[in-house]
Amino acid sequence: MQVENALEGINQAGSSIGILTDEGITFACERDVSSSLLELSKHSEKIFCLDRHVHCVVSGLAADANLLIEVSRVHSQRFRYSYRENIPIQELVRHVCDIKQRYTQVGGQRPFGAAFLFGGWDKTFKFQLYSSDPSGNFAGWKAIAIGKNHVAANSFLKENYQEGMTMTQGLDLAVKALCKTIDTTNPSPDKLEIMYMTKNEAGELVAKTLNEKEVLELLQRNNFQVKQKE
Amino acid sequence: MSIFDYNGGGIVAMKGKNCIAIGADRRLGQQMKTVSTNFKKIFRMQDNILLGLGGLATDIETFSAEMEYKLNLYNLRENRKLKPTAFVSLVSSTLYEHRWGPYFVSPIVVGLQDGTPVISTYDSIGCTTDTENFAVAGTAGELLYGLCETYYREDIPAEELVEIIGQILLAGCDRDALAGWGGVVYLLTTDNLHIRELKTKQT
């Protein structure tokens, strides 16, 4: 029952979309920010780096998520210390999910009210995208939406996802799906956070967060009437 | 025989004008036997921080891995790079964590903080010495000191510093039976890192 409540909590939170393409992974999310009085921190409140080769997006209780992010960062570094290698993405996801599951079965404590999207690259399975929920269940995806209106977003993704997309097409799809969840045709760039992971010409993995101007260009390219900041 | 003399090595670091250089030999031995001639003793921890380690080879590898572990977590949590002076303290506190079962290493931290050179050296349990000019470590340490005193002056330009460190390393490690078999010099300037490999007498 507690697990169901936790899952419900996630569905009220700001949405997050993840898309897997041949060229890499893109994340698009809606900021939960409500007040103009809020001092925006320099780093993201939703997208976190777990190690050089894997990032995650948070949905739900930030405090619960922060704890699990710390756990996964340490786990990834421990792996690196032992094996001098990047941790396989699935192992990292499984580790976090095992902890979440424990809180649904043991101890009488409430489950973590946090759902994640994990995205990264490893040498076994190349680019991968996973989602996990408060029950500790996880799955690999080609495209996935979590949070508010995820049902609508997921059916949109199901219809419009194609194999062999480029990164640009992936970004377009992500932003369209995200705007479906916000349910607006004129989104404001400061409410959106978009990042992608890809390999550059040298074959190195790079992660880039779009700045406000680039988000604006992406929205305009997809024919959204953008609401300017007052 | 001391545990610090088992594998052998020679590390030397020197400050220059807005630059810093650190050099090390490449020998890995097991007492009198040479086992490898390309053993890494200098580790790039960050763009502007290098860590050189003398002492027991297994501890050189593990200690540098532990420092990388801590540095990576710092970057992830703080979302910023570590300052060289902060790294100097981190090495010291990590060494002291193992006060009762220490790493048998002699670390030298070398860095550029806002263009200013930083060198620090330690004993195996974290006693920090912030030197103003140069630092040495390893079985060839004492031999390297003499050459450092002779060749050091204030504000050595970068191109000259590489040469000087190279000569010091070659001459010093030649005298030590347990150090040598090749050398490598890292020159850190505000723009980039320049790595030069040295050919030595193969004895």
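Our subject is the structure listed above.
Residues numbered from 1 in each chain as written. Chains lettered and ligands numbered in written order. Predicted model: local features only at pLDDT ≥ 70, side-chain atom pairs only at ≥ 80, totals over all residues. Heavy atoms only, no water.

Caption draft 1: Main features of the interface of chain A and chain B. If you look at the interface, chain A gives 13 residues, while chain B gives 11 residues. Of the roughly 1100 Å² buried between chain A and chain B, counting both surfaces, carbon and sulfur atoms make up 54%. At the junction of chain A with chain B, the criterion picks out three salt bridges. Put simply, Arg84 of chain A and Glu68 of chain B hold a salt bridge, and the shortest N to O gap is 3.7 Å. Taken together, the links from chain A to chain B amount to two residue pairs in polar contact (both at pLDDT 80 or more). Where the side of chain A that touches chain B is concerned, the elements lending two or more residues are β3 (47-51) and α2 (62-83) of chain A. The element best represented in the side of chain A that touches chain B is α2 of chain A, accounting for seven residues. For the side of chain A that touches chain B, a count of residues per class yields four nonpolar, two polar and seven charged. (Contact = heavy atoms within 4.5 Å. Buried area = accessible area lost by both parts, 1.4 Å probe. Salt bridge = Lys/Arg side-chain N within 4 Å of Asp/Glu carboxyl O. Polar contact = N/O pair within 3.5 Å; in protein donor to acceptor, adjacent residues only side chain to side chain. Helix = DSSP H or I, 4+ residues; strand = E, 2+ residues; numbered from the N terminus. Nonpolar A, V, L, I, M, F, W, Y, C, P; charged D, E, K, R; others polar.)

Caption draft 2: Region of interest: the packing of α2 of chain A against helix α1 (residues 57-78) of chain B. Axis separation between α2 of chain A and α1 of chain B bottoms out at 10 Å; the angle between their running directions is 155°. As summarised for this structure, α2 of chain A and α1 of chain B are arranged roughly antiparallel, according to the angle between their axes. The interaxial crossing formed by α2 of chain A with α1 of chain B has right-handed handedness. On α1 of chain B, the residues touching Glu70, Arg73, Val74, Gln77, Arg78, Arg80 and Tyr81 of chain A of α2 of chain A are Thr62, Ala65, Glu66, Glu68, Tyr69, Asn72, Leu73, Leu76 and Arg77 of chain B. Considering only residue class, the contact of α2 of chain A with α1 of chain B consists of six nonpolar, three polar and seven charged. (Axes fitted to C-alpha atoms, helices over the stretch in contact; angles between N-to-C directions. Parallel < 35°, antiparallel > 145°, perpendicular 65-115°, else oblique. Left-handed = near helix turned anticlockwise from the far one by under 90°.)

Caption draft 3: Molecular detail of the packing of aromatic side chains. The final tally for this structure, using the stated rule, is nine aromatic pairs over all chains. Members of the aromatic cluster, each reached through a chain of ring pairs, are Phe134, Tyr145 and Tyr152 of chain B. Sitting above the plane of the Trp121 of chain A ring, Lys199 of chain A keeps its charged end 3.4 Å from the centroid. (Phe/Tyr/Trp six-rings, centres within 6.5 Å; stacked < 30°, edge-to-face > 60°. Lys NZ or Arg CZ within 6 Å of the ring centre and 35° of its normal.)

Caption draft 4: Region of the structure containing the nonpolar core. Residues and elements named next belong to chain A. With 27 residues, the main nonpolar core has Ile17, Ile19, Leu157, Leu173, Val175, Ile194 and Leu219 as its most contacted residues. Elements with a contribution of two residues or more to this core: β1 (16-21), β8 (143-146), α4 (150-160), α5 (167-182), β9 (192-199) and α6 (212-221). The element that contributes the greatest number of residues to this core is α5, accounting for eight residues. Setting aside anything within four residues of it in sequence, one finds Leu157 in contact with Ile17, Ile19, Ala143, Ile144, Ala145, Leu173 and Ala177. (Core = buried A, V, L, I, M, F, W, Y, C linked by side-chain atoms within 4.5 Å. Buried < 20%, exposed > 50% of the residue type's maximum accessible area, 1.4 Å probe, protein only.)

Caption draft 5: Structural view of the sheet that holds β1 of chain A. Residues and elements named next belong to chain A. Ordered by their spatial adjacency, five strands build an open sheet running β8-β1-β2-β9-β10, and the pairing between neighbours is antiparallel. Looking at which strands have only one partner, the edges of the open sheet turn out to be β8 and β10 (205-209). Between one strand and the next, the sheet's axes are offset by a mean angle of 10°, whatever the strand orientation. Of the pairings in the sheet, the one linking strand β2 (residues 24-30) to β9 comprises seven bridges and is antiparallel in character. Within β9, the residue paired with Ala28 across the bridge is Ile194. Packing against the sheet, α5 makes contact with β1, β2 and β9, and its axis sits at approximately 20° to β2. Sheet strands in contact with α6 are β9 and β10, and its direction is about 90° off that of β9. (Pairing = 2+ DSSP bridges.)

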